[in-house]
Amino acid sequence: MKTAITLSQVPEASGGPFVFRTPLPDAFATAAAIGFDAVELFLPGPDFISDHEVKSLAAQHGLAIAAVGTGAGMLRHGLSLTDPSEEIREAALDFVFSMIDFGGQLGAPAILGSMQGKSGSHDHLVAGLRRCANRAATHGVPFIYEPLNRYETNLFNRLADAAKFLELHDLKNVVLLADLFHMNIEERDVATAIREAGRHIGHVHFADSNRQAMGFGHTVAEPVIAALREIQYTGYLSAEIFPLPDPETAARQTISSIRSLF
Ligand code: LER
Ligand code: MN
């Protein structure tokens, strides 16, 4: 399993679970110095920085791009793929496509988190997911769908329900994101949920129960790691966590928890 950490450049997300928010050259350097394999980018949009510049920062620091978020489409523009208005759904799709294309240039998949909408319909979700999955396939990357806790969406809160939905609609090239913070709220047992949805899981947000670095809350991480090993998960453990008590401490705690778990 590989390690990643979140970098945000979205001022509207100042209260969000993103660790480094300094300008990207500094954030890449810090992530690399602390020992991460990759970064997960949360950007205002596809034009914030060129893919060429990101590639050069990644090469300079020996980092991969684990994934790119799409949540700025919701935070900055109020868009969602399941909005009742067709016009807004289409604008949301344009935004997500633009991030899929941006990530695709970097070999990184895009994530559908808050852009799925807070209270949408499954019909709109399946239509949006299918189009995003097809777009991602043109870059040879999957599209990542993230079940969120009940306070953030009514669509899917648990991995098993989302997995069933992917199967029912034969949604190919969509993988699930297991965010351990959301799962701590919604799953009966996090390790069991991982085992049962195993073949669909393509990304992990590695957070403790309180959305701080692993080891700073009450999650017992050993069974979670054992379940990930059992499903032969080879993707990223990406720290989408609050920068508490400060970004560096949160980042270092993530790396030391992973080292002690492996
Ligand atoms: C995004 O990855 C996520 O987990 C949501 O809670 C957005 O804040
Ligand atoms: Mn997440």
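So, here's what we can say about the structure. (Residues numbered from 1 in each chain as written. Chains lettered and ligands numbered in written order. Predicted model: local features only at pLDDT ≥ 70, side-chain atom pairs only at ≥ 80, totals over all residues. Heavy atoms only, no water.)

## Description of the pairing of strand β3 (residues 64-69)
This is how the line gets drawn: The rule is simple: take the accessible area with a 1.4 Å probe, protein chains only, and divide by the maximum for that residue type; under 20% is buried, over 50% is exposed, in between is partly exposed. Strands are runs of DSSP state E lasting at least two residues, helices are runs of H or I lasting at least four, and both sets are numbered from the N terminus onward. When DSSP finds two or more bridges between two strands, those strands count as paired. Classification remark: right-handed applies to a crossover when, strands pointing away from the viewer, the course from the first strand over the helix to the second runs clockwise.
The buried fraction of β3 is high, at five of six residues. Summarising the sheet, strand β2 (residues 38-42) and β3 pair through four bridges and their orientation is parallel. The residue bridging alanine 38 from the neighbouring strand is alanine 64, located in β3. At this point the chain moves from β2, through helix α2 (residues 51-61), to the parallel β3, and the crossover so formed is right-handed. In this sheet, strand β4 (residues 110-112) lies alongside β3 in parallel orientation, the contact comprising two bridges. Bridge pairing in β4 places valine 68 opposite alanine 110.

## Some points on the sheet that holds strand β7 (residues 201-205)
Keep this limit in mind: Interaxial angles span 0 to 180 degrees and are taken between N-to-C directions of axes, which are lines fitted to C-alpha atoms, for helices over the stretch in contact. Working rule for contacts: check all heavy atoms of both residues, and any pair within 4.5 Å makes them a contact.
In spatial order, the strands read β1-β2-β3-β4-β5-β6-β7-β8; together these eight strands close into a barrel with parallel pairing. Sheet twist, expressed as the average angle between the axes of neighbouring strands with direction ignored, equals 30°. Sheet strands touched by helix α4 (residues 86-105): β3, β4 and β5 (143-145). Its angle to β3, the strand with the most contacts, is close to 180°.

## Considerations on the side chain of serine 80
Going by this rule: Here a polar contact is recorded for every N or O atom pair within 3.5 Å, except that within protein the pair must consist of a potential hydrogen donor and a potential acceptor, and residues adjacent in sequence are included only if both atoms are side-chain atoms.
Relative to the elements of secondary structure, serine 80 occurs in the loop between α3 (72-75) and α4. A distance of 3.1 Å separates the side chain of serine 80 from the backbone nitrogen of threonine 82, its partner in a polar contact. Engagement of the side chain of serine 80 in a polar contact is seen with the backbone nitrogen of aspartate 83, the distance being 3.1 Å. In this structure, serine 80 is in contact with Met74, Ile88, Arg89, Ala92, Met115, Gln116 and Gly117, ignoring residues within four places of it in sequence.

## Thoughts on α4
Which entries qualify depends on this criterion: How far a helix is expected to stretch is found by multiplying one less than its residue total by 1.5 Å.
With 20 residues, α4 extends 28 Å from end C-alpha to end C-alpha; this agrees with the ideal 28 Å at 1.5 Å per step. Among the residues of α4, the N-terminal cap falls to serine 85, whose side-chain oxygen and the backbone nitrogen of glutamate 87 are separated by 3.2 Å. Backbone geometry just downstream of α4 places glycine 107 in the positive-phi region, at approximately 70°.

## Overview of the coordination of the manganese ion (ligand 2)
So the rule is basically this: Metal sites are built from N, O and S donor atoms within 2.8 Å, or 3.2 Å for Na, K and Ca, and they leave out water, so they may look incomplete.
Of the protein atoms, only Glu146 (OE), Asp179 (OD), His205 (ND1) and Glu240 (OE) coordinate the manganese ion (ligand 2), at distances of 2.0 to 2.2 Å. Read in sequence order, the donor residues for the manganese ion (ligand 2) give the motif E-x32-D-x25-H-x34-E. Here the residue histidine 205 occupies a position in strand β7, and glutamate 240 occupies one in the loop between β8 (236-239) and α10 (247-261), the gap between them amounting to 35 residues. Judged by relative accessible area, which is 9%, glutamate 240 ranks as buried.

## Structural notes on empty space enclosed by the protein
Stated formally: Here a cavity is any set of points on a 1 Å grid over the protein atoms alone where a 1.4 Å probe fits but cannot get out, and a pocket is any open set with protein on both sides within 12 Å along at least 5 of 7 lines; a residue lines the site when it has an atom within 4 Å of a point. Grid points are joined across faces, edges and corners, and a volume is the space filled by probe spheres set on the points. The classification used treats Ala, Val, Leu, Ile, Met, Phe, Trp, Tyr, Cys and Pro as nonpolar, Asp, Glu, Lys and Arg as charged, and all other residues, Gly among them, as polar.
Applying the stated criterion to the full structure yields one cavity of 30 Å³ or more. Quantified by volume, the largest cavity comes out at close to 40 Å³. Together, Pro147, Asn157, Arg158, Leu159, Leu177, Ala178, Asp179, His182, Met183 and Glu187 line the largest cavity. Counting only elements with at least two residues in the lining of the largest cavity, the list comes to β6 (174-179) and α7 (180-186). With three residues, the single largest contributor to the lining of the largest cavity is β6. Within the lining of the largest cavity, the residues separate by chemical class into five nonpolar, two polar and three charged.

## Remarks on the site of ligand 1
Applicable threshold: Definition of nearness: a residue and a molecule or strand are near each other if at least one heavy atom of the residue lies within 4 Å of the molecule or strand. For every accessible area listed, the method is Shrake-Rupley and the probe measures 1.4 Å; residues are considered covered only by the protein chains on display. Those molecules having more than half of their atoms within 2 Å of a cavity or pocket grid point set are described as sitting in that cavity or pocket.
Every residue lining ligand 1 is accounted for by Glu146, Leu148, Glu152, Asp179, His182, His205, Arg211 and Glu240. Aspartate 179 has a polar side-chain atom sitting 3.1 Å from an oxygen atom of ligand 1. Burial of ligand 1 by the surrounding chains reaches 82%, relative to a free accessible area of 260 Å². In this structure the site holding ligand 1 corresponds to the largest pocket. Considering only residue class, the shell around ligand 1 consists of one nonpolar, two polar and five charged.

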